[in-house]
Amino acid sequence: MTVLLDRDGPVAVITLNRPEKLNAWTAEMRARLIELLRAAGADPEVRAVVLTGAGRAFCAGQDLGETATIDPDDHAASDAWIDGFDELYRALLDLDKPSVAALNGVAAGSGFQFALLADLRIGHSGTRMGQPEVLSGIPSITGIWAMWHVLGRARTTEFALTGRLVDGAEAERLGLLTRLVDQDQVLPAAVAQAKELAALPQGAVALTKGRLRDLEQDALADAVRTAKKVHAAAYATGEPQREMARFLRGRAR
């Protein structure tokens, strides 16, 4: 299966399991992840969630092989794709239980955005994080929303326009990572952190998370509405399709 579920006491550990593709996700993977997040939220025995990836990546973002074929005139397909990410992001934000991302490797594009929505993020010096969508001809709209409150305008602009990835040390300095540990300790440290959070008074945690969620809701809704318009305009030019095809040809070589 491309998304796995395990339990460690009160902690649900959800693992993206497509290591040969750096856990780049498809619509099917995201649907399964949404299902598991909602199940964890509804399970009274789960008091915290850890998110991680198999192999050497957390999530490299969207599988370009899936989006490269989007018909530029099929606005319904483009809107449905963006709605799918809205549903995924809200499934994580809607959790009244703490979430910790164990960043075992690269977190890029929508994988980077998703990681930023976790309450805490633990990585290692080799972790690489960033928003390289512009390099594939894809405008970064929800990416700007996800980065803004962590990085501010100047750094968000830099990440969105350059597409560069930063290593673990710089990610920690910028606030993208909560804590750095040795590479082999990323998942154990994340689970230990989740267990600490799981031991906190549940009511206070849920109410605190509810307030944090309130601060994000309107901005996310605006980002999704804008993303639909901007992506439709971008795909109408054919530029994203050309750039993604070029990337896929290079990878095939």
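None of these values were measured; they are calculated from a predicted model. Sequence positions are assigned chain by chain, starting from 1 and proceeding in written order. Given that the model is predicted, a residue must reach a pLDDT of at least 70 before its local features are reported, and side-chain atom pairs must reach 80 or more before they are shown or counted; all residues, however, enter totals for whole chains, interfaces and linings. Hydrogens and waters are ignored; side-chain quantities use all the structure's heavy atoms.

### Some remarks on helix H3 (residues 75-93)
In this description a helix means any DSSP run of H or I spanning at least four residues, a strand means any run of E spanning at least two, and both kinds are numbered starting from the N terminus. Between the first and last residue of a helix there are one fewer steps than residues, each counted as 1.5 Å, and that sum is the expected span. For H3, built from 19 residues, the straight-helix expectation of 27 Å at 1.5 Å per residue is met to within 8% by its first-to-last C-alpha distance of 27 Å. The set of residues buried in H3 consists of Ser78, Trp81, Ile82, Phe85, Asp86, Leu88, Tyr89, Ala91, Leu92 and Leu93. Under the scheme applied here, a residue whose accessible area is under 20% of the maximum for its type counts as buried, over 50% as exposed, and between as partly exposed, the area being computed with a 1.4 Å probe on protein chains only.

### Focus: unusual backbone geometry
Phi is positive for Leu22, which is not a glycine, with a value near 55°. Along the chain, Leu22 falls in the loop between strand E2 (11-16) and helix H1 (27-42).

### Some words on the pattern of salt bridges
Only one rule defines a salt bridge in this text: a Lys or Arg side-chain nitrogen within 4 Å of an Asp or Glu carboxyl oxygen. Counted by the stated rule, this structure contains 15 salt bridges. Three or more residues are tied together by salt bridges with common partners; here these are Arg155, Glu158, Arg164, Glu170 and Arg173.

### Some remarks on the pairing of strand E1 (residues 3-8)
By this definition, two strands are paired if DSSP reports at least two bridges between them. Where E1 lies against E2, 6 bridges are found, and the strand directions are antiparallel. Residue pairing in the sheet places Leu4 in a bridge with Thr15 of E2. The hairpin formed by E1 and E2 contains 2 residues between the paired strands, and Gly9 there has a positive phi angle of roughly 60°.

### Here's the deal with the packing of H1 against H3
The axes are straight lines fitted to the C-alpha atoms, using for helices just the contacting stretch, and the angles between their N-to-C directions are given from 0 to 180°. Viewed as axis vectors pointing N to C, H1 and H3 meet at an angle of 25°, and their least axial separation amounts to 9 Å. By the angle class used here, H1 and H3 are roughly parallel. Relative to H3, H1 is oriented so that their crossing is left-handed. Contacts between H1 and H3 involve Arg30, Leu33, Ile34, Leu37 and Arg38 from the first element and Trp81, Gly84, Phe85, Glu87, Leu88, Ala91 and Leu92 from the second. Of the residues contributing to the contact of H1 with H3, the split by class is 8 nonpolar, 1 polar and 3 charged. Our angle categories are set so that under 35 degrees counts as roughly parallel, over 145 as roughly antiparallel, 65 to 115 as roughly perpendicular, and the remainder as oblique. Here is the rule for handedness: rotate from the far helix to the near one, and if that takes an anticlockwise turn smaller than a right angle the crossing is left-handed, while a clockwise turn gives right-handed. Here a residue-residue contact requires only that any non-hydrogen atoms of the pair lie within 4.5 Å. Under the scheme applied here, ten amino acids are nonpolar (Ala, Val, Leu, Ile, Met, Phe, Trp, Tyr, Cys and Pro), four are charged (Asp, Glu, Lys and Arg), and all others, including Gly, are polar.

### Some details on the nonpolar core
For the purposes of this section, nonpolar cores are sets of buried Ala, Val, Leu, Ile, Met, Phe, Trp, Tyr and Cys residues that join through side-chain atoms within 4.5 Å. Core analysis: the biggest nonpolar cluster contains 51 residues, and Leu33, Leu37, Phe114, Met129 and Leu176 have the highest contact counts within it. Broken down by element, this core gets its largest block of residues, 8 residues, from H3. Among all residues touching Leu176, those that are not within four sequence positions of it are Phe112, Leu116, Arg121, Met129, Val150, Leu151, Phe159, Val166 and Ala171.

### Quick look at the sheet that holds strand E8 (residues 129-130)
Taking strand neighbours across the sheet as the criterion, the 4 strands line up as E4-E6-E8-E9 in an open arrangement whose pairing is mixed. Pairing within the sheet leaves two strands with one partner each, and these edge strands are strand E4 (57-59) and strand E9 (165-166).

### Description of the environment of Asp218
Secondary-structure assignment places Asp218 in helix H8 (residues 202-237). Judged by its relative accessible area of 65%, Asp218 is exposed. Once the C-alpha coordinates of Asp218 and Ala31 are considered, the two residues, 187 residues apart in sequence, prove to be 23 Å apart.

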